[in-house]
Amino acid sequence: MSKKATIEFDGKKYEFPIVVGTENEVAIQIKSLRGDTGGLITLDPGYKNTGSCESAITFLNGEEGILRYRGYAIEELADNASFLEVAYLLIFGELPTQQQLDKLYADIKRESNVDEEMKKILDGFPKSAHPMGVLSSLTSALIAFNPSAVNVDSEEDMYNAIIKLLAKFPVLVAWTLRKRQGQPLDYGDSSLGYVENILKMMFKKPSENYEVDPVVASALNKLLILHADHEQNCSTSTVRIVGSSHAGLFASISAGISALWGPLHGGANQAVIEMLEGIKQDGGDTKKYMKKAKDKNDPFRLMGFGHRVYKNFDPRAKIIKKSADEVLGKLGVQDPVLDIAKGLEKEALEDSYFVDRKLYPNVDFYSGIIYRALGIPTEMFTVMFALGRLPGWIAQWREMRLKKEPIGRPRQVYTGENLRSFKPMENR
Ligand code: ACO
């Protein structure tokens, strides 16, 4: 007999089915709660206990530090796969054959042109604009140049929209950087691989040759894979909920970029480096900042620490920490900020405040250090995160549309004024 959960309310008992996932995660299915009980809803600010969907894309177990894309361990993917293979895996469910991968990349190359008119939109931004704002706007603007709605019942339509985004997004990423640096815009070099081409589009100077450093390309490939999906986090939930209104793919992704921008989410990678730099400039006294982080009257938080779901360690942070040492070593970069980061991590891991609250370094504690070693400016870090997360957002949007999920529309418990009479201006 299938399991059920019982809720007792106002002297009556109501039964609800239990949904069990393939990794034995259990959930009370409360679809009929409000109707059955005559108005009862659940209240869960921040959705700490609320599942918004059933999804077959990414499995993570925060207690055991497990992260898998479509069943494959993140550690194996980071060591063996290319970012484009992982993108295919996330979006279409299986690792591609060589033929499927070649077709994917050939299709991407064919679609990599961004309409010249888009440059006028970019020109409207001051150089000082934050790249995440620019990227979100440009992604949204893509709709104007690709206006036909995606028929989600047509596999071909879906595929074409996805290809367009995978093709044009890296160009927009590179343009946000080049605009900031006063460099002419570039469309890259289709003879290169996806990741290598991104590097060239970002860094090639007009009067110089640009040779892609394989160490840099491999490090970026790994970082993009580690960021590629993370189930129902803030930006992904945003993409799904915007898409649930049947807004198009580009509009949904643009909203996801805005959600990612915040320092409590993707913006943490920029905030970490700024924090570490600040500590360095202040004499490198990590103890002082540990004290600040623990002081409830001080708004300072140790950026790059803590995670909504990982409560023992973030598997991505483990991979990145090792990678940071390797990449800096191979590139011959000595970064004093890495020593501050290691010092802070050691102190935090031995401090009861952090241990009791299960606060561990997250993926972004070390990613900024690698991005810096690769020559990527600090304010572009979150943009790099967006580039990595793109396949995950697309996969989640596609899954949501194919399953024909209803529009996302949470309820609330109203706590405002009861009905009152309109007060004329002179009486206020
Ligand atoms: N520094 C100091 N204290 C912290 C930190 C931190 N980084 N993170 C959490 N805490 C404390 C909180 O003050 C709270 O203490 P209390 O119980 O005494 O009130 C307790 O730990 C629980 O924290 P919450 O904010 O309730 O945890 P939540 O799950 O809501 O937040 C979050 C998770 C947002 C990631 C948080 O840990 C944080 O702000 N971290 C710093 C920002 C960061 O690194 N974000 C990146 C996340 S990873 C990503 O998006 C890719």
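Residues numbered from 1 in each chain as written. Predicted model: local features only at pLDDT ≥ 70, side-chain atom pairs only at ≥ 80, totals over all residues. Heavy atoms only, no water.

## A word on the sheet that holds strand β3 (residues 26-28)
Strand order in the open sheet made by the three strands is β1-β2-β3, with antiparallel pairing throughout. Where the open sheet ends on each side, the last strands, each with one partner, are β1 (4-9) and β3. Strand-to-strand twist across the sheet, computed as the mean angle between neighbouring axes with direction ignored, equals 30°. Where β1 lies against strand β2 (residues 12-20), six bridges are found, and the strand directions are antiparallel. Residue T6 lies in a different strand from β2, and its bridge partner there is E15. (Pairing = 2+ DSSP bridges. Helix = DSSP H or I, 4+ residues; strand = E, 2+ residues; numbered from the N terminus. Axes fitted to C-alpha atoms, helices over the stretch in contact; angles between N-to-C directions.)

## Quick look at the layout of surface pockets
In this structure, the second largest pocket spans a volume of roughly 310 Å³. What lines the second largest pocket is a set of 19 residues, among which N146, S148, A149, V150 and A161 lie closest to the centre. Broken down by secondary-structure element, the contributors of at least two residues to the lining of the second largest pocket are α7 (155-180), α11 (249-261) and α18 (381-402). Looking at which element gives the most residues to the lining of the second largest pocket, the answer is α7, with four residues. Within the lining of the second largest pocket, the residues separate by chemical class into 11 nonpolar, five polar and three charged. (1 Å grid on protein atoms, 1.4 Å probe; cavity = no way out; pocket = protein on both sides within 12 Å on 5 of 7 lines; lining within 4 Å. Points joined across faces, edges and corners; volume = space filled by probe spheres on them. Nonpolar A, V, L, I, M, F, W, Y, C, P; charged D, E, K, R; others polar.)

## Some details on the pairing of β2
Connecting the antiparallel pair β1 and β2 is a turn made up of two residues, with D10 showing a positive phi of about 55°. Pairing of β2 with β3 involves three bridges; the strand directions are antiparallel. Each residue of the ladder has a partner; that of V20, found in β3, is V26. Hairpin connection between β2 and β3: a loop of five residues separates the two successive antiparallel strands, and N24 in this loop has a positive phi of roughly 65°.

Nothing here speaks to function; it is geometry throughout.
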